[in-house]
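The lines below spell out each chain.
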Amino acid sequence: MSKLNQHNPSMFHGTWALTKRELKKWLKEPIILLMAILQPVIWMGLFGKAMNIGNMFSAGNINLPPVIPIQGNFIIPPQSSGVNINGTALSQMFASFGPTLMKNIFGVSDYFSYMSVGMISFIVLFTTMFSGMSIVWDRRLGFLNKVLSTPVSRAAIIFSKVLNASFRAMFQATIILMLAVIFGLQVSSTFNPVYILAVYAAIFLLCLGLSSVFLALALRSTKWETQMAIVNLINLPLMFASNTFFPISQMPDWIQAIAQVNPISYLTDAIRRLTVMEFDASAVMFDFAFLSIFAVVFSIIGIMLSWRYLTK
Amino acid sequence: MSDDVIIAEGLTKVFNKHLTAVDHVNFSVKHGEIFGFLGPNGAGKTTTINMLITILKPTEGKASVLDFDIAKQSNEVRNVIGVVPQEYTADEDLTGWENVILCADLYGIPRNVANERASELLKLVELTDFKDKKVQTYSGGMRRRLELACGLVNRPKVLFLDEPTLGLDVQTRTATWEYIRKLKKEFGMTLFMTTHYLEEADALCDRIAIIDHGKIIVVGTPQDLKHSLGGDIITLSIKENADVSELIRSIDNVKEVKNEDGSYRIKAEYGEVTAPFVIEALRRKGYTVTKLSMTEPTLNEVYLEYTGKSMRDTEESREAFRAQRITMMRART
């Protein structure tokens, strides 16, 4: 009987076959790809350009009269007549605070550069969320059962979804980054093209962790509505309780507590430090350490659950 | 190795601790036969097949496929079986060719072998002309044939077919039976199938197990099952005006004779063999048979006899079935 097992699929072979299927499906639907890219582009336009936080501090917004008379006790030593201050000069001085404030709070001098990098985290979050949805569909359409009746490894089923989400997110991130550069993203003086590789590595790590989480949630579900509800419930809170749009340091303590453990913050921080902010090796290392632990822990949990729960 | 390809002993599946879908089922499938599970929707057919193809774990009992234990050696089982599921599982967005190759990849078949087999199988199910079209554009019958091709890509020793003609129209169904017979002949496989179509079980299966409420009620060849009802009905008339009931009753295999105004209703085993004897016996005594007709009992009568309800009756209450199915689906999640 030993002759029967002529071809036992390796883990790699099975994973690659299933990943290829997903990628083929994806490439055959350019509309979905277009939508997926359009969404963050619209957000970049709405938040990055419309909410022009850096511009709030420009000279035009600080309308002081040319001469500001100051009376009484403000002046030391006291003079009964008071003094006059050059308002024009003062407002120009205030205006120069703008970039300084931006630099101190956001780490970059323009808000667009700050948030367009955050859009990469946005795309990673949304792409991985839908990887959970696809396993629900595979179950409903019977494809999953068919795959389960073949000798392909159960881990390969999950891992192919993870890989697919990662490839898609990386591809979309590339387009987002290119568009951001066209629309005015300014890289920092310390930027080195080699850092792009590190950016991809960071994206891959977060994809690994996040899609494992969402796949684990969807493992036994047959209703895509449930999955949709979960996704709708947590996508925006997860997005806003991170540094994607706004620095964590300016948030109330309880949101800070969430943002500190939100893996999205670490991806955004890593990419920012690698591109638009001044490079800080130790901070980047810390981000990578966090992302790696997150990825390893959750992909192991995901694979363990797939062994346990794919066969009922 | 025994002659039995599939052996199930006390196979049981309980969902959510209270819904017993399959209840201590025992059966064996011989090498090279087509073995059918016949029963209404929700009888436990698909659950049984899902246990045998290792995607459900039995709650109790055990089963083996080609001497491999389905629970302990599931990977060995998966390697030697082919599965044609109830649903159309082919990926709609991919072409027929891509689907077969994907299946081959899942069995780890090397690319050159896979290409060879894919073109051979697609030719066999007559889909060569459509192999580069998306599955979306396929008709129900074409999809079913594609599923057959996918299920055969690893050259299985045992092929499992779950409701192979569900939802197909009569012509397509008959054509699909032809494909199944052809494939069986070509590859010399053992087939295990489920169906709730009586004609299908009758036309395709060598042996049938009637299953209801998770229990096997009777197993046998379609012929045996029909004969077990007491035989065929022969109706005849003679020219002469005499009562020949006693004469007919004395013939071998005749079970019952009723004289209904000169027309005799005879219940006989193996009617097609017995009828000539009846004619001969009457002729020898000088009677002339003017009319003779014979009806064989159908599986529907067999089904009625063993389950106490007609398959057609149960099939009519579609709504009840749908509700049952939804319940089962919920129970399984």
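These figures come from a predicted structure and were not determined experimentally. (Residues numbered from 1 in each chain as written. Chains lettered and ligands numbered in written order. Predicted model: local features only at pLDDT ≥ 70, side-chain atom pairs only at ≥ 80, totals over all residues. Heavy atoms only, no water.)

Time to look at the overall build of chain B. The helix and strand tally for chain B stands at 13 helices and 14 strands. Counting only C-alpha atoms, chain B reaches 75 × 50 × 45 Å along its principal axes. Out of the 333 residues belonging to chain B, those deemed buried represent 54%. When contacts within chain B are restricted to residue pairs at least 6 apart in sequence, long-range pairs at least 24 apart make up 70% of them. In the form shown here, chain B has an accessible surface area of approximately 14,900 Å², with 49% of it arising from carbon and sulfur atoms. (Helix = DSSP H or I, 4+ residues; strand = E, 2+ residues; numbered from the N terminus. Buried < 20%, exposed > 50% of the residue type's maximum accessible area, 1.4 Å probe, protein only. Contact = heavy atoms within 4.5 Å. Areas by Shrake-Rupley, 256 points an atom, 1.4 Å probe, with all protein chains shown as cover.)

Here the focus is the overall build of chain A. Scanning chain A from terminus to terminus reveals 11 helices and 2 strands. Helices (α) and strands (β) of chain A occur, in sequence order from the N terminus, as α-α-β-β-α-α-α-α-α-α-α-α-α. Taken against the 2.2 N^0.38 rule, which gives 20 Å for 312 residues, the C-alpha radius of gyration of chain A at 25 Å runs more than 25% over that of a compact globule. Principal axes of the C-alpha set define a box for chain A whose edges measure 110 × 35 × 35 Å. Here chain A, with 312 residues, has 48% of them falling under the buried criterion. The contacts of chain A with a sequence gap of at least 6 include a subset with a gap of at least 24, amounting to 80%. Across chain A, the centroid of the 20 positively charged side chains sits 19 Å from that of the 10 negatively charged ones. (Rg over C-alpha atoms; globule rule 2.2 N^0.38 Å. Lys, Arg positive; Asp, Glu negative; His and termini not counted. Charge placed at Lys NZ, Arg CZ, Asp CG, Glu CD.)

Before going further, it helps to examine the domain arrangement of chain A. Each assigned domain of chain A is listed with its residue range as follows: domain 1 (2-50 + 108-309) and domain 2 (59-98). Relative placement of domain 1 of chain A and domain 2 of chain A: their C-alpha centres are 51 Å apart. (Domains from an automatic or database assignment.)

On to the interface of chain A and chain B. In this complex, chain A contributes 32 residues to the contact, which on the side of chain B involves 41 residues. Across the chain A/chain B interface, buried area totals approximately 3,400 Å², and carbon plus sulfur atoms make up 55% of it. Linking chain A with chain B are 7 salt bridges. Among the ionic pairs, glutamate 98 of chain B bridges to lysine 28 of chain A, the shortest N-O distance being 2.9 Å. (Buried area = accessible area lost by both parts, 1.4 Å probe. Salt bridge = Lys/Arg side-chain N within 4 Å of Asp/Glu carboxyl O.)

We now examine the confidence of the model for chain A. Of the residues in chain A, 91% have a pLDDT of 70 or more, and the chain-wide mean is 84. With pLDDT under 50 throughout, residues 1-5 of chain A is counted as low confidence; its partners more than four residues away or in other chains account for 8 contacts. (pLDDT = per-residue confidence, 0-100.)

Glancing now at the packing of aromatic side chains. A ring pair, where both rings are aromatic, is described by two values, the distance of the centres and the angle of the planes. The final tally for this structure, using the stated rule, is 21 aromatic pairs over all chains. Seen from their ring centres, tryptophan 26 of chain A and phenylalanine 171 of chain A are 5.6 Å apart, and the 90° between their planes marks the pair as edge-to-face. Of the two residues, tryptophan 26 of chain A is situated in helix H1 (residues 11-27) and phenylalanine 171 of chain A in helix H6 (residues 154-182); the sequence distance between them amounts to 145 residues. Judged by its relative accessible area of 39%, phenylalanine 171 of chain A falls in the partly exposed class. Both rings, one in phenylalanine 240 of chain A and one in phenylalanine 245 of chain A, keep their centres 5.0 Å apart while their planes meet at 25°; by these two values the pair is stacked. What makes phenylalanine 245 of chain A buried here is its relative accessible area of 5%. If you follow arginine 143 of chain B out to its NZ or CZ, it ends over the ring of tyrosine 88 of chain B, 5.9 Å from the centre. (Phe/Tyr/Trp six-rings, centres within 6.5 Å; stacked < 30°, edge-to-face > 60°. Lys NZ or Arg CZ within 6 Å of the ring centre and 35° of its normal.)

This part takes up the packing of helix H4 (residues 111-140) of chain A against helix H8 (residues 224-240) of chain A. Residue and element names in this part refer to chain A. Two elements in contact, H4 and H8, have axes whose closest approach is 10 Å; the angle formed by their N-to-C orientations is 170°. As summarised for this structure, H4 and H8 are arranged roughly antiparallel, according to the angle between their axes. In this structure, H4 uses Gly118, Ser121, Phe122, Leu125, Phe126, Met129, Gly132, Met133, Val136, Trp137 and Arg140 to contact H8, whose residues at the interface are Trp224, Gln227, Met228, Val231, Ile234, Asn235, Leu238 and Met239. (Axes fitted to C-alpha atoms, helices over the stretch in contact; angles between N-to-C directions. Parallel < 35°, antiparallel > 145°, perpendicular 65-115°, else oblique.)

Here we come to the nonpolar core. In terms of nonpolar packing, the biggest core is built from 110 residues, with Val124 and Ile203 of chain A together with Ile6, Phe27, Ile81, Phe160 and Phe192 of chain B touching the most fellow members. At 15 residues, the largest contribution of residues to this core is made by H4 of chain A. Listed in part, the 47 residues of the second largest apolar core include Ile34, Cys103, Leu152 and Leu204 of chain B. (Core = buried A, V, L, I, M, F, W, Y, C linked by side-chain atoms within 4.5 Å.)

In the predicted model, chain B carries a mean pLDDT of 85, and the fraction of residues at 70 or more is 92%. The ipTM value of the predicted complex is 0.76, and its pTM value is 0.77.

Residues and elements named next belong to chain B. Taken together, the 6 strands give an open sheet; going across it, the order is E6-E7-E8-E3-E9-E10, and neighbouring strands pair in mixed fashion. This sheet does not close on itself; its edge strands, each paired only once, are strand E6 (81-84) and strand E10 (215-220). On average, each strand axis in the sheet is tilted by 15° relative to the strand beside it, whichever way the strands run. (Pairing = 2+ DSSP bridges.)

Further remarks concern the pattern of salt bridges. Inspection of the entire model under this criterion finds 27 salt bridges over all chains. With a shortest N-O distance of 2.9 Å, aspartate 91 of chain B and lysine 25 of chain A are connected by a salt bridge. With aspartate 91 of chain B in the loop between E6 and helix H3 (96-106) and lysine 25 of chain A in helix H1, this residue pair bridges two chains. A salt bridge links arginine 143 of chain B to glutamate 92 of chain B; the nearest nitrogen and oxygen atoms lie 2.4 Å apart. Of the two residues, arginine 143 of chain B is situated in helix H5 (residues 140-151) and glutamate 92 of chain B in the loop between E6 and H3; the sequence distance between them amounts to 51 residues. Assessed through its relative accessible area of 14%, arginine 143 of chain B is described here as buried. A single salt-bridge network, built from bridges that share partners, covers Arg21, Glu22, Lys25, Asp138 and Lys161 of chain A together with Asp91 and Asp93 of chain B.

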